[in-house]
Amino acid sequence: QVQLVESGGGLVQPGGTLRLSCAASGFTFSGIAMSWYRQAPGKERELIATVSLARSTNYADSVKGRFTISRDNAKNTVYLQMNSLKPEDTAVYFCNAGTRLSGPLYNWGQGTQVTVSS
């Protein structure tokens, strides 16, 4: 069965950096686009970054220029490098297969909490 396991979250000060990882299994990782989402308290889950099969990337305006999505098909893992973190980046972060057009394709993992606070 499909598993999505996010890790790498934590507490960081404003301006800090974190690198999130998402280990995927149960589907052909190299054959599908992957995306990162986040859900802040009291808000809907939003898509923030996508990496295609060809490794082209798209970002939400809120994270563009600060976050970088990448993938390692040999490890079935997608990453999110987060720089210049802001308090408004505080959220639970999730990964999933798919794009903004297709929507998330599989059940969600447990996510990883990112808290940006001084």
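Preceding this section is the structure that the text describes.
Summarised in this report is the structure supplied together with it. (Residues numbered from 1 in each chain as written. Predicted model: local features only at pLDDT ≥ 70, side-chain atom pairs only at ≥ 80, totals over all residues. Heavy atoms only, no water.)

## Notes on the environment of Leu18
Here is step 1: By the secondary structure assignment, Leu18 is in strand S3 (residues 18-25).
Here is step 2: For the pair Leu18 and Thr115, spaced 97 residues apart in sequence, the C-alpha separation works out to 10 Å.
Here is step 3: With sequence-adjacent residues up to four places away left out, Leu18 is seen in contact with Gly8, Gly9, Gly10, Val12, Leu80, Gln81, Met82, Leu85 and Val114. (Helix = DSSP H or I, 4+ residues; strand = E, 2+ residues; numbered from the N terminus. Contact = heavy atoms within 4.5 Å.)

## Thoughts on the nonpolar core
Among soluble globular proteins, nonpolar side chains are generally buried collectively.
Here is step 1: In this structure, Met34, Trp36, Ile48, Val78, Leu80, Met82 and Tyr93 are the most contacted members of the largest nonpolar core, which totals 30 residues.
Here is step 2: Going through the elements one at a time, S3, strand S4 (34-39), strand S5 (46-51), strand S7 (67-72), strand S8 (77-82), strand S9 (91-97) and strand S10 (112-116) are the ones with two or more residues in this core.
Here is step 3: Excluding its chain neighbours within four sequence positions, the residues that come into contact with Leu80 are Leu18, Arg19, Leu20, Trp36, Ile48, Ala49, Phe67, Thr68, Ile69 and Tyr93. (Core = buried A, V, L, I, M, F, W, Y, C linked by side-chain atoms within 4.5 Å. Buried < 20%, exposed > 50% of the residue type's maximum accessible area, 1.4 Å probe, protein only.)

## Some thoughts on the packing of aromatic side chains
Aromatic ring pairs are described here by two measures, namely the spacing of the ring centres and the angle between the planes.
Here is step 1: Under the definition given, this model contains 4 aromatic pairs.
Here is step 2: Ring centres of Tyr37 and Trp108 lie 4.9 Å apart, and the angle between their planes is 85 degrees; on these two criteria the pair is classed as edge-to-face. Within this pair, whereas Tyr37 is found in strand S4, its partner Trp108 is found in the loop between S9 and S10, the two being separated by 71 residues in sequence.
Here is step 3: A relative accessible area of 32% means that Trp108 is categorised as partly exposed. (Phe/Tyr/Trp six-rings, centres within 6.5 Å; stacked < 30°, edge-to-face > 60°.)

## Description of the pattern of salt bridges
Here is step 1: In the structure shown here, the tally under the stated rule is 4 salt bridges.
Here is step 2: Across the pair Arg38 and Asp89 runs a salt bridge, and its minimum N-O distance is 2.9 Å. Of this pair, Arg38 sits in strand S4 while Asp89 is found in the loop between S8 and S9, placing the two residues 51 residues apart along the sequence. Here Arg38 and Asp89 have matching classes, each one buried.
Here is step 3: Put simply, Arg38, Glu46, Arg66 and Asp89 are held in one network by salt bridges that share partners. (Salt bridge = Lys/Arg side-chain N within 4 Å of Asp/Glu carboxyl O.)

## Digging into the environment of Pro104
Here is step 1: Turning to its location among the elements, Pro104 is positioned in the loop between S9 and S10.
Here is step 2: Note: C-alpha distance between Pro104 and Tyr37 (67 residues apart in sequence) is 9.4 Å.
Here is step 3: Setting aside its immediate chain neighbours within four residues, Pro104 contacts Tyr37, Asn96 and Ala97.

## A few points about the sheet that holds S5
Neighbouring strands of a sheet are bound in pairs by backbone hydrogen bonds; such pairs are parallel or else antiparallel.
Here is step 1: If you walk across this open sheet you meet the 6 strands as S2-S10-S9-S4-S5-S6, and the pairing is mixed. The sheet is open, and its two borders are formed by strand S2 (10-12) and strand S6 (57-59), each paired with just one other strand. Averaged over all adjacent pairs, the angle separating strand axes in this sheet is 25 degrees, with direction ignored. (Pairing = 2+ DSSP bridges. Axes fitted to C-alpha atoms, helices over the stretch in contact; angles between N-to-C directions.)

## Let's talk about the sheet that holds S8
Here is step 1: Strand order in this open sheet of 4 strands is S1-S3-S8-S7, and the pairing throughout is antiparallel. The open sheet is flanked by strand S1 (3-7) and S7, the only strands paired with a single partner. Ignoring strand direction, the axes of neighbouring strands in this sheet form an average angle of 15 degrees.
Here is step 2: As judged from the 6 bridges shared by S7 and S8, these two strands associate in the antiparallel manner.

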